[in-house]
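Single-letter residue listing:
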Amino acid sequence: MTDAAVPALTLPAPVVNALLEGEVVIDLRLQPDAGGPPAGATRFWLRADPDAEPELKPAYREARRLSLPDAGAGPGQVRIDGWAELRGTATTVIDEATADGLNGKTVLALGPFEGREVLVLALRAHRLVEPVTARADLAGLPADPADGPPSEPALSETAFDARRLGVENALPRPLEPPG
């Protein structure tokens, strides 16, 4: 693969942080607006979108307000703190029962999703030991993040599987394996 084909998933910064801290194992994407993961990729870099202003749950909104902002990566560059493996997907409409089941499994407020179709991505995140700064197009990073700088899983396989199962139990249909 060429540098132009480096797969990345762009997410709101609070979601990236929660994934890399092991607080959550899912991302929710409005359909068809927000698309999905990079086509054909099961491992991809996590890129924080500095302009995304998702509605967060009150506790996460307050934590974000109290945290110190990152210095930034500079013009034409992005800071990459980790990558993720896609472990499952599901499409569902967020109704009251699904919202109740997913409530403790995301940092996002679920109100804006109610009555709308979302793509649920189960992501096993890996934190880079040392964050890297890359060009905005990620040129120079390996196409397979597992071949990149040293990283460690945000959660053990057992802990990830337990959280993934909790998500799956909150959905009307099971997560589908990638591919």
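Calculation criteria
- For every chain, the first residue of the written sequence is number 1, and numbering continues from 1 onward in sequence order.
- Under the rules for a predicted model, residues below a pLDDT of 70 receive no local features and side-chain atom pairs below 80 are neither given nor counted, while totals for whole chains, interfaces and linings still include all residues.
- The side-chain numbers reported here are obtained from all heavy atoms of the structure, hydrogens and water having been left aside.
- Patch rule: a residue counts if its relative accessible area is over 30% and it has no salt bridge; like charges are joined within 9 Å, and nonpolar side chains (Val, Leu, Ile, Met, Phe, Trp, Tyr) within 5 Å.
- Under the convention used here, a 1.4 Å probe and the Shrake-Rupley method define accessible areas, while residue burial counts only the protein chains that appear.
- Any Lys or Arg side-chain nitrogen located within 4 Å of an Asp or Glu carboxyl oxygen qualifies as a salt bridge.
- Only four residue types enter the charge count, namely Lys and Arg as positive and Asp and Glu as negative; His and the chain termini do not.
- Charge positions come from single atoms, namely NZ of Lys, CZ of Arg, CG of Asp or CD of Glu.
- Secondary structure elements are defined from DSSP: runs of H or I of at least 4 residues count as helices, runs of E of at least 2 residues count as strands, and each element is numbered from the N terminus.
- Burial status follows relative accessibility: with a 1.4 Å probe on protein chains alone, a residue under 20% of its type maximum counts as buried, one over 50% as exposed, and anything between as partly exposed.
- For every residue, the predictor states its confidence as a pLDDT score lying anywhere from 0 to 100.

Participant: Explain a negative patch on the surface to me, please; I cannot follow it from the model alone.
Facilitator: Together, Asp95, Glu96, Asp100 and Glu114 make up a negatively charged patch on the protein surface. Within the secondary structure layout, Asp95 lies in the loop between strand S4 (77-93) and helix H3 (96-102). Given a relative accessible area of 39%, Asp95 falls into the partly exposed group.

Participant: It is not clear to me how the environment of Leu11 should be interpreted in this structure. Could you clarify?
Facilitator: Relative to the elements of secondary structure, Leu11 occurs in strand S1 (residues 8-12). Classification of Leu11 as buried rests on a relative accessible area of 0%.

Participant: I would appreciate a short explanation of the confidence of the model for the protein in the present structure.
Facilitator: It should be kept in mind that the predicted coordinates are not to be read in detail where pLDDT is low. Confidence in the prediction for the protein averages 89 pLDDT; 92% of positions are at 70 or higher. Within the protein, no element has a lower average pLDDT than helix H2 (residues 58-66), which sits at 67, and none a higher one than strand S6 (residues 151-153), at 98.

Participant: Looking at this model, I keep getting lost on helix H1 (residues 13-20). Mind explaining?
Facilitator: A turn of α-helix holds 3.6 residues, and therefore any two residues three or four places apart point the same way. The element H1 is extensively covered by neighbouring structure, given that 6 of its 8 residues are classed as buried. Of the positions making up H1, those classed as buried are Pro14, Val15, Val16, Ala18, Leu19 and Leu20. Looking one or two residues past H1, Gly22 carries a phi angle of roughly 80 degrees, positive in sign.

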